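# A look at the structure
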Amino acid sequence: MDPGARSEGWRGGLTRFLVLYAALYGAYGLLSPILPGFLAARGLSPGQIGALLAAAGALRLGVGPLAGAFADRRRAARPVLAASVALAGLAILAHLPGAGFWQLLGPALLYAAGTAAPPPLADALALAAARGGTVFQYGWVRAAGSATFIAATATAGWLIGAYGLAAALVASGLVFIAASGAALALPVRGGAAKTGPRLGENFAVLLRLARFRRILVAASLVIGAHALHDAFAMILWRDAGIGAGTAGLLWSGSVAAEVLVFLLAGPPLLARIGLPAGIAVAACAGALRWAVLASTTAIPLLAAAEALHGLSFALLHLACLGLIEATAPPEFRATALALYGTVALGLSGVLATLASGALYGAFGASAFWAMAALSLAALPLVLGLRDR
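Predicted model, so just to flag it, every value in this text is computed and none were measured.

What follows is about unusual backbone geometry. The phi torsion at Arg75 lies on the positive side, around 50°, for a residue other than glycine. Relative to the helices and strands, Arg75 resides in the loop between α3 (46-74) and α4 (77-94).

Written as structure tokens, this is what we have:
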């Protein structure tokens, strides 16, 4: 990157994107670990918590692509992003006076609607501002988000210990509202807003692109293979006699590897091997990771396997975003990223999680072999992702 482009990156939006991603993922980090506990403290049974979260998840899967398509149609990704995170913040604060399922259902659904679109919209704006890495690297701002998520999760624990569960919700709501201001402060690029394609046309055009369909399927396989780990790794390690502190360090190591790949290792590796090969590396790294978890609970081997998260998730995400940027027409970019977030990062995880419960119940740690096979199933799709 030449000095002029680097200077333009700092003047033209890098700092603002760093602030946005830190606020957005910091707000998620403050809330995500404690929301089920808050709902339980307000009188919801486990079944009601599951039903509420499932309803919110279903709404999020529907709202995300529609919000992305609307942002493309109106050329309004920045205001839609700002409105969405403001709604999320207000919805979190609306949880505070509620008690019982019916009083908390409305705020939960509003929060789901508000959080359906921000990650793909933020990614669409960041990719456009980065200009293919000539102004700044997308991985820099995504690393800021991941690092802030870790810090915010730790902060949530401190807030709960000092002031109770409600304090973490207040902090998350306020940080989401601050993220709305950060979104409005992003640099405006291009001319005045205009009406783009009809909503249905966005989806039709994208889904007719064979390369885009392959990206969605490959990402769904590799990301979906993480579901068993996310749901049952802690249980597996506990049953193997690994203490909570050590298990937490193993988990933290995986997120640290994610930050490292986003910030430093990922962009030069992809520049060297190419974006389709990046998906292949992610699939193989995931398969190796799940094979280790299926075979052993030796802590040194688990630590090495958890470090592969940097490749199985972060490198995959960077490669997929690069391929989507190269494949989807610019006027459909927010819709494409919303579909990627909904199908590859959302729906695939839900379906794989449903299957994971039965697999782990029947086979225990050996169920990870199925996740290894699922990850490797993405490899035949890689050839179809190459430039022609």
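The next point concerns the nonpolar core. Soluble globular proteins tend to pack their nonpolar side chains together in the buried interior. Within the largest apolar cluster, 101 residues are counted, with the highest numbers of intra-cluster contacts made by Phe17, Leu20, Tyr21, Leu81, Phe176 and Ile279. For this core, the element with the highest residue contribution is helix α1 (residues 3-31), accounting for 11 residues. The residues contacting Leu20, other than those within four sequence positions of it, are Leu81, Ala122, Ala179, Ala182, Ala183 and Leu186. Listed in part, the 21 residues of the second largest apolar core include Ile242, Leu302, Tyr360 and Met371.

Moving on: helix α13 (residues 275-295). Over its 21 residues, α13 extends 31 Å from the first C-alpha to the last, a length consistent with the 30 Å expected when each residue adds 1.5 Å. Burial of α13 is extensive: 15 of the 21 residues sit out of reach of the surface.

It is worth spelling out the packing of aromatic side chains at this point. Tallied over the full model, the rule gives 11 aromatic pairs. Both rings, one in Tyr21 and one in Tyr138, keep their centres 6.4 Å apart while their planes meet at 80°; by these two values the pair is edge-to-face. Within this pair, whereas Tyr21 is found in helix α1, its partner Tyr138 is found in helix α7 (residues 138-163), the two being separated by 117 residues in sequence. What makes Tyr138 buried here is its relative accessible area of 6%.

Below, the discussion takes up the packing of α7 against helix α8 (residues 165-184). Packing of α7 against α8 brings their axes to within 6 Å, and their N-to-C directions diverge by 135°. Considering their axes alone, α7 and α8 lie oblique with respect to each other. As for the relative orientation of α7 and α8, their crossing is right-handed in sense. Across the interface between the two elements, Ala156, Leu159, Ile160 and Tyr163 of α7 pack against Leu165, Ala167, Ala168 and Ala171 of α8.

What counts and what doesn't
- Residues numbered from 1 in each chain as written.
- Predicted model: local features only at pLDDT ≥ 70, side-chain atom pairs only at ≥ 80, totals over all residues.
- Heavy atoms only, no water.
- Helix = DSSP H or I, 4+ residues; strand = E, 2+ residues; numbered from the N terminus.
- Core = buried A, V, L, I, M, F, W, Y, C linked by side-chain atoms within 4.5 Å.
- Buried < 20%, exposed > 50% of the residue type's maximum accessible area, 1.4 Å probe, protein only.
- Contact = heavy atoms within 4.5 Å.
- Expected span 1.5 Å × (residues − 1).
- Phe/Tyr/Trp six-rings, centres within 6.5 Å; stacked < 30°, edge-to-face > 60°.
- Axes fitted to C-alpha atoms, helices over the stretch in contact; angles between N-to-C directions.
- Parallel < 35°, antiparallel > 145°, perpendicular 65-115°, else oblique.
- Left-handed = near helix turned anticlockwise from the far one by under 90°.

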